[in-house]
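A look at the structure
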Amino acid sequence: MMAYKLPESVLVVIHTPALEVLLLERADHPGFWQSVTGSRASLDEPLVQTCAREVAEETGFAAPTERFVNWRLTHRYDIFQQWRHRYAPGVTENTEYVFGLLVPQMFTPRLAPREHRAWRWLPWTAAADACFSWTNAQAVRRLPALRGVQS
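Let us look at the structure shown here. (Residues numbered from 1 in each chain as written. Predicted model: local features only at pLDDT ≥ 70, side-chain atom pairs only at ≥ 80, totals over all residues. Heavy atoms only, no water.)

1. Notes on the overall build of the chain
Per the secondary structure count, the chain includes four helices and seven strands. Against the globule reference of 15 Å for 151 residues, the chain gives a C-alpha radius of gyration of 15 Å, in line with a compact fold. For the chain, the spread of C-alpha atoms along the three principal axes comes to 50 × 30 × 25 Å. Here the chain holds 151 residues, and 43% of them are scored as buried. Residue pairs in contact within the chain that sit at least 24 positions apart in sequence constitute 69% of those at least 6 positions apart. Accessible surface computed for the chain: about 8,000 Å², of which carbon and sulfur atoms make up 53%. In the chain, 16 side chains carry a positive charge and 15 a negative one; their mean positions are 2 Å apart. (Helix = DSSP H or I, 4+ residues; strand = E, 2+ residues; numbered from the N terminus. Rg over C-alpha atoms; globule rule 2.2 N^0.38 Å. Buried < 20%, exposed > 50% of the residue type's maximum accessible area, 1.4 Å probe, protein only. Contact = heavy atoms within 4.5 Å. Areas by Shrake-Rupley, 256 points an atom, 1.4 Å probe, with all protein chains shown as cover. Lys, Arg positive; Asp, Glu negative; His and termini not counted. Charge placed at Lys NZ, Arg CZ, Asp CG, Glu CD.)

2. Examining helix 1 (residues 47–59)
Each α-helix winds once per 3.6 residues, and so residues spaced three or four apart point in a common direction. In this model helix 1 runs 18 Å from its N-terminal to its C-terminal C-alpha over 13 residues, within 8% of the 18 Å that 1.5 Å per residue would give. Within helix 1, the full set of buried residues consists of T50, C51, A52, E54, V55, E58 and T59. (Expected span 1.5 Å × (residues − 1).)

3. Examining unusual backbone geometry
Unlike most non-glycine residues, L19 shows phi in positive territory, near 65°. At R72, a residue that is not glycine, the phi angle is positive and equals roughly 55°. Positionally, R72 belongs in strand 5 (residues 68–78). Relative accessible area serves as the criterion here: at 71%, R72 is assigned to the exposed category.

4. Remarks on the pairing of strand 2 (residues 20–26)
The buried count for strand 2 comes to six of seven residues, which makes it a mostly enclosed element. With seven bridges joining them, strand 2 and strand 7 (residues 116–123) adopt antiparallel strand pairing. Residue pairing across strands places V21 opposite L122, the latter belonging to strand 7. Of the pairings in the sheet, the one linking strand 2 to strand 3 (residues 33–34) comprises two bridges and is antiparallel in character. Residue pairing for strand 3: E25 is matched across the bridge by W33. (Pairing = 2+ DSSP bridges.)

5. Side note on the layout of surface pockets
Reported here for the largest pocket is a volume of approximately 870 Å³. Around the largest pocket sit 34 residues that line it, and K5, R26, T37, R86 and Y87 are the ones nearest its centre. Sorting the residues of the lining of the largest pocket by element identifies strand 1 (8–15), strand 4 (36–39), helix 1, strand 5, strand 6 (93–102) and helix 3 (134–141) as the ones contributing at least two each. In terms of residues, the lining of the largest pocket owes the most to one element, helix 1, which gives four residues. Classifying every residue of the lining of the largest pocket by side-chain character gives 11 nonpolar, 10 polar and 13 charged. (1 Å grid on protein atoms, 1.4 Å probe; cavity = no way out; pocket = protein on both sides within 12 Å on 5 of 7 lines; lining within 4 Å. Points joined across faces, edges and corners; volume = space filled by probe spheres on them. Nonpolar A, V, L, I, M, F, W, Y, C, P; charged D, E, K, R; others polar.)

6. Remarks on the side chain of S9
Here S9 is to be found in strand 1. Among the polar contacts made by the side chain of S9, one reaches the side chain of N94 at a distance of 2.8 Å. When neighbours within four sequence positions are excluded, S9 is seen to be in contact with G38, S39, R40, Y77, N94, T95, E96 and Y97. (Polar contact = N/O pair within 3.5 Å; in protein donor to acceptor, adjacent residues only side chain to side chain.)

Laid out in C-alpha cells, this is it:
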C-alpha cells in the first residue's frame, strides 16, 4: 500500500543577516526555484521538526529546532495537478506553514539530487522574483519586515 503525503507542509526561508536567500531548483521541473519545502512525516511530527528534517535532507545543513522562527504565516493552496498522485485520493489542497532560518553566512548546500539540481543565493528582492510559487515569493517579500530591516 502506498504511503500518501500529508497535505500539511513547511516552507523554510533560509537567509543571512544581509537578507541573501537560498533558493533550490527542482530536479523534476527545471526553472522552478524555491526555498526548502516539505511535508510533515506524520500528524504527530512537530512542524519545527519537519523544518529541521527537510533542511537537513535538502541542503545538508543541520540546524537545531530552536533556530527556526515560526513566521505565523499560513497559506492554503491547490496542489498542482502533476503532484496530486502523491496524496490520498480526493486531496486537492495543501496547508503550508512558513518558517525562517537565519544562518550566519552563505554556505554551499549538499543537494539531494532526486529533489534539486542547482542552488543559488540571491538578494531577497531577486529571490522573491525568482520563486515559482506565489506563497514562496510572498514569504520572501516579508523577510525585511520580519527581520526589522528597512527595505
